[in-house]
Amino acid sequence: MTQATASEIMNKIETRNELIRNIAIIAHVDHGKTTLVDSMFKQSGIFRANEKVRERIMDSGELERERGITISAKNCEVLWNGIKINILDTPGHADFGGEVERALSMVDGVVLLVDAAEGPLPQTRFVLSKALKNSLEIIIVINKIDRDDARPEEVYHKVLELLIDLGADDKYIDSPLIYANGREGIAKFSLSDEVSNLAPLMDTIINHIPAPLCDMEAPFQMLVADLDYSDYLGRMAIGKIQNGIVSINDKLVSVGAGGVIKPVKVSQIQVYSGTGLEVVESLAAGDIVILSGVSDISIGDTICSALQPTALPRIEIDEPTVAVRFSPNNSPFAGKEGKFVQGSKILERLKKETLRNVALQVETPNDNEGFLVKGRGEFQMAILIETLRREGYEFCVGRPQVIFKYDEKGKKLEPIEHLVISAAKEYSGIISEALMQRKGIMSGYTPCDNGTLILEFSVPSRSLIGYRDKFMTDTKGTGLMNSYFSGYEEYRGDFQSRTTGSLVSDRGGEAVAYAIFNLEPRGTMYIVPGDPVYEGMIVGEHNRENDLYLNPTKTKQLTNIRAANKDHACVLIPVSPMTPEKALNTIREDELVEVTPLSIRLRKRILVRAERKIVEKYGQ
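Since we're looking at a predicted model, the values are computed, not measured.

Participant: Could you clarify how one ought to interpret the side chain of E386 in this entry?
Facilitator: Of note, E386 is situated in helix α10 (residues 378-390). Among the polar contacts made by the side chain of E386, one reaches the side chain of R389 at a distance of 3.3 Å.

Participant: Honestly, the packing of helix α9 (residues 343-356) against α10 in this entry has me stumped. Any pointers?
Facilitator: Geometry of a packed helix pair, given as the angle between the helix axes and the separation of the axes. At a minimum axis separation of 12 Å, α9 and α10 run at an interaxial angle of 125°. Between α9 and α10, the angle is such that the two are oblique. Crossing handedness for the pair α9 and α10: right-handed. Facing R349, L350 and E353 of α9, the residues of α10 in contact are L384, T387 and L388. Class assignment of the residues belonging to the contact of α9 with α10 gives a composition of three nonpolar, one polar and two charged.

Participant: Where do I start with the nonpolar core in this structure?
Facilitator: One recurring pattern in soluble globular proteins: nonpolar side chains tend to sit buried together. One finds I138, I142, L163, L291 and I303 to be the most contacted residues of the largest nonpolar core, which totals 64 residues. Apart from residues lying up to four places away in sequence, L163 is in contact with L128, L132, I138, I140, A168, Y172 and I173. In this structure, L347, M578, A583 and I600 belong to the second largest nonpolar core, which totals 28 residues.

Participant: How should the environment of C76 be read in this particular structure?
Facilitator: You can see C76 is positioned in strand β2 (residues 74-80). Note on C76: relative accessible area 0%, which makes it buried.

Participant: What should I look at first to understand the confidence of the model for the protein in this one?
Facilitator: Any segment with low pLDDT has predicted coordinates that should not be analysed in fine detail. Mean pLDDT over the protein: 83, with 88% of residues reaching 70 or higher. Contacts from residues 1-13, a stretch scored under 50 in pLDDT, to residues over four places away or in other chains number 27 contacts.

Participant: Can you walk me through the side chain of T475 in this structure?
Facilitator: Here T475 is to be found in the loop between α13 (467-474) and β28 (480-490). Polar contacts involving the side chain of T475 include one to the main-chain amide nitrogen of G479, which spans 3.3 Å. Discounting chain neighbours no more than four positions away, the residues touching T475 are A423, Y427 and I431.

Participant: Hey, could you run me through helix α5 (residues 122-133) in this one?
Facilitator: Along an α-helix, residues three or four positions apart point the same way, because every turn accommodates 3.6 residues. Its 12 residues give α5 an end-to-end C-alpha distance of 17 Å, which sits within 8% of 16 Å, the value for a rise of 1.5 Å per residue. Across the 12 residues of α5, nine count as buried, placing the element largely inside the fold. Among all positions of α5, only P122, Q123, T124, F126, V127, L128, K130, A131 and L132 are buried. After α5 finishes, the residue S135 shows a positive phi value of roughly 55°.

Participant: Just to check I follow, could you spell out the pattern of salt bridges for this structure?
Facilitator: Opposite charge on two side chains permits them to pair, given that their charged atoms come into close proximity. In total, this model carries 30 salt bridges according to the counting rule given. Between E489 and R492 there is a salt bridge, and its shortest N-O distance comes to 3.0 Å. Residues joined by salt bridges that share partners form a network here, namely D115, E118, K144, R147 and D149.

Participant: So what exactly am I meant to see when it comes to the packing of aromatic side chains here?
Facilitator: Geometry of an aromatic ring pair is reported as the spacing of the ring centres plus the angle between the planes. Counted according to the given criterion, the structure contains six aromatic pairs. Seen in terms of ring centroids, F333 and Y534 are 5.0 Å apart; in terms of plane orientation they differ by 90°. Their pairing is edge-to-face. Within this pair, whereas F333 is found in the loop between β19 (322-327) and α9, its partner Y534 is found in the loop between β32 (532-533) and β33 (537-542), the two being separated by 201 residues in sequence. The class of F333 is buried, set by a relative accessible area of 13%. Centroid distance F404 to Y491: 5.6 Å. Interplanar angle 80°. Geometry classified as edge-to-face.

Participant: Explanation requested: unusual backbone geometry in the structure shown.
Facilitator: Among all residues save glycine, negative phi is the norm, and among peptide bonds the norm is trans. Residue S135 is not a glycine yet carries a positive backbone phi of 55°. Examined against the element boundaries, S135 turns out to sit in the loop between α5 and β5 (137-143). Judged by its relative accessible area of 53%, S135 falls in the exposed class.

How each quantity is defined
- Residues numbered from 1 in each chain as written.
- Predicted model: local features only at pLDDT ≥ 70, side-chain atom pairs only at ≥ 80, totals over all residues.
- Heavy atoms only, no water.
- Helix = DSSP H or I, 4+ residues; strand = E, 2+ residues; numbered from the N terminus.
- Polar contact = N/O pair within 3.5 Å; in protein donor to acceptor, adjacent residues only side chain to side chain.
- Axes fitted to C-alpha atoms, helices over the stretch in contact; angles between N-to-C directions.
- Parallel < 35°, antiparallel > 145°, perpendicular 65-115°, else oblique.
- Left-handed = near helix turned anticlockwise from the far one by under 90°.
- Contact = heavy atoms within 4.5 Å.
- Nonpolar A, V, L, I, M, F, W, Y, C, P; charged D, E, K, R; others polar.
- Core = buried A, V, L, I, M, F, W, Y, C linked by side-chain atoms within 4.5 Å.
- Buried < 20%, exposed > 50% of the residue type's maximum accessible area, 1.4 Å probe, protein only.
- pLDDT = per-residue confidence, 0-100.
- Expected span 1.5 Å × (residues − 1).
- Salt bridge = Lys/Arg side-chain N within 4 Å of Asp/Glu carboxyl O.
- Phe/Tyr/Trp six-rings, centres within 6.5 Å; stacked < 30°, edge-to-face > 60°.

Pasting the structure below:
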């Protein structure tokens, strides 16, 4: 695409850059955002007719493609009828809400995508509330209308109810409605329309989403909403130009937190062109720009002209609700599998992550035992753990802890989640019982035509740590569970989060089939024959409340007496591989997860049993 020069744009606009539209696609997880972007690429003619294109182009990360979800917000561009449309594909999971918040700071409108069968879900409410808070224009798209269980008209009314519930103005109730099949690249204004492309959606974006409001004659200003890094160009700052024009030789400064001003040297200016980048000499207000070569820049800083350094309002991010302690690995296997094992390396990498993810915070606790990482939820922490281990880091993490607050009267407050569950009617009893034991309060009970129920609960955030696996077991894998943070309330009291103990190895060695076979009646095993074990390592979950110490390396005693019956082979129960999510949800307060590039093990915080007894007795 040929980029318009600054002088051409100045001659065409006064207060809005009519050559550009900036939009974000927001939705609940797995409602088809990234697939719709694929179809928009094809519709705009970016690819050749015979070009092979992989699915979910914007999910470029290895973890994103493996899990089928968007983890970080990404930018791209399409051209439609001479208008440039900058598109931001945002995550759909509540734990990555920080990505949504910074993405919305760069756009003037959103495409709200809702599944035609599932309807609005908790994350739909979260992202929609953020869009309304930013006063962004909305286009409602009911997607996946080809599903057998699709109910598009009913879902549209649910979206309107959600808008009313969020206190939206009348103009949002009249937002444009599009019915779509993102996979096939079809969008229509009415279900009866005969359409074979996305033209109705593209035209609606041009006609309904306002062009970016800006002042071309004002000094250059840009709010840093994202950061990237290139081995060739160094750190790159990404954001929408609010005012003015930027050129490669301009003298620029950054205004950081607290008004700290630092000089900025830009080595290259780039804009989004399709799924790639294009180098330009200058760029005008309203467009999304990538400034390369900048250093010592954080998300929320303002890059502006050195002649008139004026800061823009910083990006507002919801406070973290969960904290996890990271620490260097001190098990007997420390350093055997990891490339980066020192505490300084781990801290450096964690701080680097906070530069790109504004929803994460890293602190050093007063006891100097490891580092405290604060974020939105255990799933976000699990993704961070998996990312680090794939990069060669080795470390230990503790059980996720919710972050409590205290009001002016000293009352303890805790984060509360609004939980929405979809499950068959026969599971409603066991679900309600489990959540009420965890201090949950039922707030909604809606029967559906297909024999399922929609159950809504107000539950403490700590109730959901470790509950997801139990929920999947209780519903035999058929239930759907989603939640979003609803605020802080008075502490609801203690409850037992895990009713089972651990099977703990009392010695080191190598696990053998004979020992595992005889230990299986005691609980669920985490290890297989040949796995190395050490004293204090957790090898399974006990059926009872207490911990059980055992020997997984015990071999069968051999004698010279042959039994009358032929020996039976040890047929073991298959063991599902340990994942970061499962590990975080399984461990108790006195346990850790040992993470290496090759293994995920569970262990006691204090490995030697005699030392644990001293601590339990004297509390030291």
